Amino acid sequence: MNLEKKVINHFTYASEVYSKRKGSVHEEDFIILNFIKETCKANSKVLEVGGGSGYMLDLIASEIGLSNLYNCEIVPKVYSEQANKYINLIAGNALDMPFKDCSFDYAIIKNLLHHLVGRTRKKSKENARKGVGEITRVVKSGGYIIVLEQYNKHKLFASVVFYITLFSSLFNISFKSFGWNKNVIVSFLTPDEIKLLIPDNILIERLEITRVKVPTRLELTLLMSNIGRVLLIGKKKCNKNGLL
């Protein structure tokens, strides 16, 4: 089974919803906006990985006035019409982005790490670490990485969900009541596991953990009964010469 193709198919299929997104989607979006507004310069360069329609970058453009904006998308043709004319849409994979080291002042990755799946839970966790490593690589010294990611509080249940979605996808089975179509494979992490993805050269400046109330059908299964979002903002340390 080609898992990358499954991910591409999922985001192509979901584009009918994602391509229409405009304005704020999560309450954390305003925390991100305010942080960038307080720390940016007029020429700050911002990257979002897997930004879909570019709605977050559109918020940054309209609310802060920045115009040096990049969206790295695995399915760029699907999201060719971005929410803002200033957004540069670049084809690329979160695990191997087509950017030079230290290219951006900010790199944002929102609710994408759980889609960077491999054939095993271990490989999926390695992919999540690699994804965070990539946004760290492309951020300048003194720049910031911003990670917003869904979590599952229970490591065991997160593993069960991963293998259920993996095998369901293998046999083209959908669970519409859970929001899982045949192309959805998800590998959620716990808040502690998400924090452990952050490299040593990143200084965590802000950490927010928000639990999300789930529908009764999810709560009764126990598998997704304790979920939420982690927002982590970290600053890349200066290089050995002490320069930013």
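Our subject is the structure listed above.
In this text, all values refer to a predicted model and were calculated from it rather than measured experimentally.

## Things to note about the packing of aromatic side chains
Centre-to-centre distance and the angle between the planes together describe a pair of aromatic rings.
Phase 1 of the analysis: Per the counting criterion, the structure on display carries six aromatic pairs.
Phase 2 of the analysis: Judged by centre distance (5.0 Å) and plane angle (90°), the rings of phenylalanine 99 and phenylalanine 104 are edge-to-face.
Phase 3 of the analysis: Through a chain of ring-to-ring contacts, three or more aromatic side chains come together here, namely Phe35, Tyr106 and Tyr144.
Phase 4 of the analysis: The ring of phenylalanine 104 carries the charged tip of lysine 45 above its face, separated from the ring centre by 5.1 Å.

## Description of the packing of helix H5 (residues 121-138) against helix H6 (residues 155-170)
Phase 1 of the analysis: Running from amino to carboxyl end, H5 crosses H6 at an angle of 100°, the nearest separation of the two axes being 10 Å. Judged by the inter-axis angle, H5 sits roughly perpendicular to H6. Between H5, through Arg121, Ser124 and Lys125, and H6, the contact on the second element is made entirely by Lys155, Ala158, Ser159, Phe162 and Tyr163.
Phase 2 of the analysis: Of the residues assigned to the contact of H5 with H6, the class counts are three nonpolar, two polar and three charged.

## Structural notes on the side chain of asparagine 71
Phase 1 of the analysis: Take asparagine 71: it is sitting in strand S2 (residues 68-73).
Phase 2 of the analysis: A polar atom in the side chain of asparagine 71 sits 3.1 Å from the backbone oxygen of glycine 52.
Phase 3 of the analysis: When sequence neighbours within four positions are dropped, the list of residues in contact with asparagine 71 reads Glu48, Gly50, Gly51, Gly52, Gly54, Leu57, Gln82, Ile87, Asn88, Leu89 and Ile90.

## Observations concerning the pairing of strand S7 (residues 227-236)
Phase 1 of the analysis: Within S7, nine of the 10 residues are buried, which leaves the element mostly enclosed by the surrounding structure.
Phase 2 of the analysis: Judged from the nine bridges that link them, strand S5 (residues 139-152) and S7 form a sheet pairing that is antiparallel. Bridge assignment links tyrosine 151 to a residue of S7, and that residue is glycine 228.
Phase 3 of the analysis: In this sheet, S7 lies alongside strand S6 (residues 202-212) in antiparallel orientation, the contact comprising 10 bridges. By the bridge assignment, threonine 210 is partnered in S7 with arginine 229.

## A look at a nonpolar patch on the surface
Phase 1 of the analysis: Taken together, the side chains of Tyr163, Phe167, Leu170, Phe171 and Ile173 present a nonpolar region at the surface, about 490 Å² in accessible area.
Phase 2 of the analysis: Topologically, phenylalanine 171 is positioned in the loop between H6 and helix H7 (191-196).
Phase 3 of the analysis: We classify phenylalanine 171 as exposed; its relative accessible area is 58%.

Criteria and cut-off values
- Residues numbered from 1 in each chain as written.
- Predicted model: local features only at pLDDT ≥ 70, side-chain atom pairs only at ≥ 80, totals over all residues.
- Heavy atoms only, no water.
- Phe/Tyr/Trp six-rings, centres within 6.5 Å; stacked < 30°, edge-to-face > 60°.
- Lys NZ or Arg CZ within 6 Å of the ring centre and 35° of its normal.
- Axes fitted to C-alpha atoms, helices over the stretch in contact; angles between N-to-C directions.
- Helix = DSSP H or I, 4+ residues; strand = E, 2+ residues; numbered from the N terminus.
- Parallel < 35°, antiparallel > 145°, perpendicular 65-115°, else oblique.
- Contact = heavy atoms within 4.5 Å.
- Nonpolar A, V, L, I, M, F, W, Y, C, P; charged D, E, K, R; others polar.
- Polar contact = N/O pair within 3.5 Å; in protein donor to acceptor, adjacent residues only side chain to side chain.
- Buried < 20%, exposed > 50% of the residue type's maximum accessible area, 1.4 Å probe, protein only.
- Pairing = 2+ DSSP bridges.
- Patch = residues over 30% accessible without salt bridge, like charges linked within 9 Å, V, L, I, M, F, W, Y side chains within 5 Å.
- Areas by Shrake-Rupley, 256 points an atom, 1.4 Å probe, with all protein chains shown as cover.
- Salt bridge = Lys/Arg side-chain N within 4 Å of Asp/Glu carboxyl O.

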